[in-house]
Amino acid sequence: MERILHRVTKRYKSEPVPGTSRHLDQLEKELGEYFAGRRSKFDVAVDVTGTRFERTVWEQLNAIPCGKTKTYGEIASIIQKPKAPRAVGRACGANYLAIVIPCHRVIEANGNLRGYGGRVWRKKRLLQIEGAIE
């Protein structure tokens, strides 16, 4: 949690303020629906700050249907950077809105799960919830 707070503070150049808001209430509701199996895509408004490349990758993450996966290489090819699967991985790692921007749906070309800031066991569990893996 401290690492995430540090990243958010650094990126937005301000300290998060404890409390609630309509956006947080909506996010909490939608996450509850997701974990209950009643939601596969999020409607909550998000403010993403990243490089043009990161935002391009994140758009592709949002295009991966729930219950499906793509490889880092496939994403690189889609964005017309076929030699950049590692850069795609770094952009996935820079995504601080995990689950909402579903970076857990990106896997290695050999099918292995790797590179999830929330730990690989969480990535596996999210993919199991979505039915992408057993």
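You'll find the structure just up there.
The following paragraphs examine the structure supplied in this document. Note that residues are indexed from 1 along each chain, following the sequence as it is written. Side-chain atom pairs in this predicted model are given and counted only at pLDDT of 80 or more, local residue features only at pLDDT of at least 70, and totals for whole chains, interfaces and linings cover all residues. Side-chain metrics in this entry use all non-hydrogen atoms of the structure; hydrogen atoms and water are not considered.

Secondary structure follows DSSP: runs of H or I at least 4 residues long count as helices, runs of E at least 2 residues long count as strands, and numbering of each begins at the N terminus. Assigned secondary structure in the protein chain consists of six helices and two strands. If you list the helices and strands of the protein chain from N to C, you get α-α-α-β-α-α-β-α. Both definitions apply: the radius of gyration is a C-alpha atom measure, and the globule rule equals 2.2 Å times residues to the power 0.38. Computed over its C-alpha atoms, the radius of gyration of the protein chain comes to 15 Å, within 12% of the 14 Å expected for a compact globule of 134 residues. Projected onto the principal axes, the alpha-carbon positions of the protein chain cover approximately 45 × 35 × 25 Å. The buried label applies to any residue whose accessible area, calculated with a 1.4 Å probe on protein chains only, is under 20% of its type's maximum; exposed applies above 50%, and partly exposed to all values in between. Sorting the 134 residues of the protein chain into buried and exposed places 31% on the buried side.

Buried within helix H5 (residues 85-93) we find Ala 87, Val 88, Ala 91 and Cys 92. For H5, the arc enclosing every buried residue in end-on projection is 150°, short of the 170-degree limit, so these residues lie on one face. In H5, those exposed residues whose orientation departs by more than 90 degrees from the buried face are Arg 86 and Arg 90. In what follows, residue pairs with any heavy atoms lying within 4.5 Å of each other are defined as contacts. Looking at the packing, one finds that the buried side of H5 touches helix H3 (52-63), helix H4 (72-78) and strand E2 (106-107). In this description, the arc belongs to the directions extending from the helix axis to the C-beta atoms.

Most peptide bonds adopt trans geometry, and most residues besides glycine take a negative phi value. Located in the positive-phi region is Gln 80, a residue other than glycine, with phi close to 65°. Within the secondary structure, Gln 80 sits in the loop between H4 and H5.

Note on ring pairs: Phe, Tyr and Trp rings are taken, using the six-membered ring of Trp, and paired if centres are within 6.5 Å. Classes follow the plane angle, with under 30 degrees stacked, over 60 edge-to-face and the rest tilted. Throughout the structure, instances matching the rule amount to three aromatic pairs. Taking 5.0 Å as the distance between ring centres and 80° as the angle between the ring planes, the aromatic pair formed by Tyr 34 and Phe 35 counts as edge-to-face. By relative accessible area, which is 2% here, Tyr 34 ends up buried. Ring centres of Tyr 34 and Phe 42 lie 5.7 Å apart, and the angle between their planes is 40°; this geometry places the pair in the tilted category. Grouping residues by exposure puts Tyr 34 and Phe 42 together as buried.

Here we come to the environment of Glu 134. Along the chain, Glu 134 turns up in the segment after helix H6 (120-130). Looking at Glu 134, the relative accessible area reads 87%, which means it is exposed. Glu 134 sits 91 residues away from Asp 43 along the chain, and the two C-alpha atoms are 27 Å apart.

This paragraph deals with the side chain of Glu 130. Here Glu 130 lies in helix H6. Among the polar contacts made by the side chain of Glu 130, one reaches the side chain of His 104 at a distance of 2.8 Å. N or O atoms within 3.5 Å of each other form a polar contact, as long as, within protein, one can give a hydrogen and the other can take it, and as long as residues adjacent in sequence are counted only when both atoms are side-chain atoms.

This brings us to a nonpolar patch on the surface. In this scheme, patches are assembled from residues that exceed 30% relative accessible area and form no salt bridge. Like charges are connected within 9 Å, while nonpolar side chains (Val, Leu, Ile, Met, Phe, Trp, Tyr) are connected within 5 Å. Using a 1.4 Å probe, the Shrake-Rupley method yields the accessible areas, and only the shown protein chains count as cover for residues. The rule for a salt bridge is simple: a side-chain nitrogen of Lys or Arg has to be within 4 Å of a carboxyl oxygen of Asp or Glu. Taken together, the side chains of Met 1, Ile 4 and Leu 5 define a hydrophobic patch exposed on the protein surface, amounting to about 320 Å² of accessible area. Inspection of the secondary structure puts Ile 4 in helix H1 (residues 2-12).

Further remarks concern the side chain of Lys 123. Note that Lys 123 resides in helix H6. Ignoring sequence-local partners within four residues, the contact set of Lys 123 consists of Tyr 72, Cys 103, His 104, Val 106, Ile 107, Leu 113, Arg 114, Gly 115 and Tyr 116.

Quick look at the pattern of salt bridges now. A side chain with one charge can pair with a side chain of the opposite charge if their charged atoms come near. A complete count under the given rule lists six salt bridges for this structure. Between Lys 29 and Glu 33 there is a salt bridge, and its shortest N-O distance comes to 3.0 Å. Separated by four residues within a single helix, Lys 29 and Glu 33 lie in helix H2 (residues 22-35), roughly one turn from each other. Because the salt bridges share partners, they merge into one network encompassing Lys 29, Glu 30, Glu 33, Arg 39 and Asp 43.

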